[in-house]
Amino acid sequence: MKRLVAFIMVFSWALSGIMIGCGGGDGDAPEPDGGDTETDNGGDTDTDADMDTDTDTDTDTDADSDSDTDADSDADTDSDTDADSDADTDSDTDSDTDTDSDSDTDSDTDSDTDTDSDSDTDSDTDTDSDSDADSDTDTDSDSDTDSDTDSDTDTDSDSDADSDTDTDLSPGYPKLFVADGSSSSSALMIWEEADQITADRDADITAAPLPGSFVGRGLGLHRDRLFVYATGGTKPVHVYDNASKLADGAEADEHVSAGGAKMFFDSGNHLWALNGTDIQLFDDAPNLSGTSPVQASFSHSSEQIESGCYDEVGQRLFGGQTSGAGVLVWNNPLNQSGDNPNDWTLAASVNPWAMAIAKDRLYVGNVAEPFLRIWNNISQVSSAKPADATLGAASELGDITDIYIRGDRLVVTVLEYPVYKVLVFDNASSISGEQDPLAVIGDEHLVLPYQSILDQNGFLYVRDSDGIAIYRGANTAMPSFVTKLEDAFSYPEHMLLMECSPTHRCNGEATCVNGTCTP
């Protein structure tokens, strides 16, 4: 009975207050002989010592580095000492010190010391004892000392201060941010090392209180800037710089006069904010301040736009109108200004409370009927079109409050009495119809689940009406309950998970995109 009452109260509130949107997701010199020294300027020291007393000592020292000591002693002793000392000393010391200081702290120190020391010493001692005592000592000392010391010290000290070496992998990450609200005040709380939590405990960090009430709390993260929405006051969006380093009592650095409870960002640094009435577009999220104007807004005469996504490939904005208009589309929204009604409608017969785009597929979840619809190649669709695939009751679906996509896994939060659950589907990009989920998470710990986040290591965080439930192994068929954070909350209104930041890199091949490690 308690569950039924809770459901009726919160569900009636949800129809007017829940905001669901898109996102989710470096050489030897020759020896001279005495006699007639004829020095040839090319290094040819031609020492011709002609001693003709029948002892013709023709010492022909040809120092071309070719030291040809032709001692022709013609006293029938033709001692032809042909010392051909070819000292070619190539000493090719290539010292290529390539100090590529590119600032990526990749410290590649390639030290390629290629000491090729080719010392060819051909010592050809050809002692040709010719009866005429032709002692042909042909010492062909070819000392080719090719000492190729190719010292390629490639000190590739790539110090990109962004230290691409997975340096700060802990402590602190992943960080779980939760916006909590009550009828009189609201709070921003942070749990560090969320995947190490094993029991209910208080937050590690609590920011300074913000003005605002229970309804309409939202969080958004762009790089290392945290955007917090709280109803009440003239500037409801509070912006914190250096979100990864917030401490107790932290106060916002900027306050923006417009925004919404669901916020997402595109790769062009635009902020899209949904406030239940329309979708607002802001330029330059990294520098958004209290004086930044709304660039454009996108609305419907019946208002109630509760979900949205921006298709970067097709350059269209999709909005979910929940009182009969269905999925609305605006063409080229980045080129618009002022207030803009939709250009066309993709599907009118849906009640889209949750929406996501991944791998050129649009996923739309209904809250008033148990269907999740999927459109393929959404960037190419330009007019009304039925969905290409539909998941329903056969896939264990019910009323859908949230869609989250992690890699190629689809996570769907289902809020339908009497079973409240989270479903995880494998191979989301190839779903073509009803399909059994990989995992079904539904137990007594879930009261009214509204939002789910699956992290890179398979931990699932479920925002419930009374806390945050944590499960391990949600990327397998056998997830298990870990604990539930409850005591710290009045009512958890929104959550986000920061897995990475400018000082904390993702493991493996993943890239950090607004706090999420993306393959």
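Conventions we followed
Residues numbered from 1 in each chain as written. Predicted model: local features only at pLDDT ≥ 70, side-chain atom pairs only at ≥ 80, totals over all residues. Heavy atoms only, no water. Pairing = 2+ DSSP bridges. Helix = DSSP H or I, 4+ residues; strand = E, 2+ residues; numbered from the N terminus. Axes fitted to C-alpha atoms, helices over the stretch in contact; angles between N-to-C directions. Phe/Tyr/Trp six-rings, centres within 6.5 Å; stacked < 30°, edge-to-face > 60°. Buried < 20%, exposed > 50% of the residue type's maximum accessible area, 1.4 Å probe, protein only. Contact = heavy atoms within 4.5 Å. Polar contact = N/O pair within 3.5 Å; in protein donor to acceptor, adjacent residues only side chain to side chain. Disulfide = S-S within 2.5 Å. Salt bridge = Lys/Arg side-chain N within 4 Å of Asp/Glu carboxyl O.

Draft legend 1. Seen up close, the sheet that holds strand S15 (residues 305-311). An order of S15-S16-S17-S19 is seen for the four strands of this open sheet, with the pairing classed as antiparallel. The open sheet has two edge strands, S15 and strand S19 (344-347), and neither has a second partner. Averaged over all pairs of adjacent strands, the angle between strand axes in this sheet comes to 30°, irrespective of strand direction. In the sheet, S15 pairs with strand S16 (residues 316-321) via six bridges, with the strands oriented antiparallel. The partner of Asp311 across the bridge, within S16, is Arg316.

Draft legend 2. Local environment of the packing of aromatic side chains. Applying the stated criterion across every chain yields a total of seven aromatic pairs. Measuring from centroid to centroid gives 5.4 Å for Trp191 and Phe489, while their planes differ by 45°, and the two rings are tilted. With a gap of 298 residues between them, Trp191 in strand S5 (residues 186-191) and Phe489 in the loop between strand S31 (480-485) and strand S32 (492-498) connect regions that are remote in the sequence. Grouping residues by exposure puts Trp191 and Phe489 together as buried.

Draft legend 3. Up close: the environment of Lys175. Tracing the chain through its elements places Lys175 in strand S4 (residues 175-181). Leave out the neighbours within four places in its chain, and Lys175 touches Ile190, Trp191, Glu192, Ser244, Leu496, Leu497 and Met498. Side chain to side chain, Lys175 and Glu192 meet in a polar contact 2.6 Å long.

Draft legend 4. Structural context of the state of the cysteines. Per the stated rule, a full pass over the model turns up two disulfides. Here Cys500 connects covalently by a disulfide to Cys512, the sulfurs 2.1 Å from one another. Taking the torsion about the sulfur-sulfur bond, which here is approximately 90°, the covalent link between Cys500 and Cys512 counts as right-handed. Residue Cys500 is found in the loop between S32 and strand S33 (511-513), and its partner Cys512 is found in strand S33; the two are separated by twelve residues along the sequence. For Cys500, a relative accessible area of 0% corresponds to the buried category. The disulfide bridge from Cys506 ends at Cys517, spanning 2.1 Å between sulfur atoms. What sets the handedness of the Cys506 and Cys517 disulfide is the S-S torsion sign, and at about -95° it is left-handed. Within this pair, whereas Cys506 is found in the loop between S32 and S33, its partner Cys517 is found in strand S34 (residues 516-518), the two being separated by eleven residues in sequence. Of the residues examined, Cys506 reaches a relative accessible area of 6% and is grouped as buried.

Draft legend 5. View of the pattern of salt bridges. Applying the stated criterion to the full structure yields twelve salt bridges. Notably, a salt bridge pairs Asp241 with Arg225, separated by 2.6 Å at the nearest N-O pair. Taken as a pair, Asp241 in the loop between strand S9 (237-240) and strand S10 (254-256) and Arg225 in strand S8 (residues 225-229) lie far apart in primary sequence, 16 residues in all. Under the relative-accessibility criterion, Asp241 is labelled partly exposed at 28%. Linking Arg373 and Glu369 is a salt bridge whose minimum nitrogen-to-oxygen distance equals 3.6 Å. Take Arg373: its relative accessible area is 16%, and that puts it in the buried class. Several salt bridges share partner residues, and in doing so they unite Asp464, Asp466 and Lys484 into one network.

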